[in-house]
Structures are given as structure tokens and as C-alpha cells.
Amino acid sequence: MMQHPTIASALGKERHAAFLAEAEKARLVREARAARNAGRSAKSPMRGLAPRRLFRIPATRSRLARLRPARTR
């Protein structure tokens, strides 16, 4: 399906603006995190920029049972 050039241009500008907004937000988050961690000792300066770890919830028997098909239970 072909798009009219003006529509393609408008969509490209919209994507670009969203990308810039996301980059600006990430920069502000990094600065806020660095300011929050400024009082701590600088063991690893890149540690403040590392993504936060998501701790996994252990898979209990009831959660595993939901993953198995009903006929094999």
C-alpha cells in the first residue's frame, strides 16, 4: 500500500518527535538518578546508569500448573 508523500512526511515527523521526547525523558531520569546517588560513594559511576533489575517471582506449583495444558494435569 502506498502512502501520499505528505502523509509519510507527517508520520516521520511524529515518530521523530516521539523519539526525541523519549530521549529527553531518559536523560532527565539519568540526571535525577545521578543527583539522588550523589551523596553515596562512587564505587562504580556507571552503576547509576544501569537498568534496574526485575526480581523474578519464584514459580510455585500453582503457577506452573497454569502453564501446562489442561489434559496433562
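Student: For the overall build of the protein, give the residues involved together with the corresponding values.
Tutor: Counting secondary structure elements, the protein contains two helices and zero strands. Burial status across the protein gives 4% buried among its 73 residues. For the protein, the computed accessible surface area is about 7400 Å², with 61% contributed by carbon and sulfur atoms.

Student: Could you give me a rundown of the pattern of salt bridges, with the residues and numbers involved?
Tutor: When the charged atoms of two side chains lie near each other, side chains of opposite charge can form a pair. A complete count under the given rule lists two salt bridges for this structure. Across the salt bridge formed by Glu24 and Arg27, the nearest N and O atoms sit 2.5 Å from each other. Note that Glu24 and Arg27 are positioned in helix α1 (residues 5-36) at a spacing of three residues, about one turn of the helix. In this structure Glu24 comes out as partly exposed when scored by relative accessible area, which is 37%. Among the ionic pairs, Glu31 bridges to Arg27, the shortest N-O distance being 2.4 Å. With a gap of four residues between them, Glu31 and Arg27 both fall in helix α1, about one helical turn apart. What emerges from the salt-bridge pattern is a single network uniting Glu24, Arg27 and Glu31.

What counts and how
Residues numbered from 1 in each chain as written. Predicted model: local features only at pLDDT ≥ 70, side-chain atom pairs only at ≥ 80, totals over all residues. Heavy atoms only, no water. Helix = DSSP H or I, 4+ residues; strand = E, 2+ residues; numbered from the N terminus. Buried < 20%, exposed > 50% of the residue type's maximum accessible area, 1.4 Å probe, protein only. Areas by Shrake-Rupley, 256 points an atom, 1.4 Å probe, with all protein chains shown as cover. Salt bridge = Lys/Arg side-chain N within 4 Å of Asp/Glu carboxyl O.

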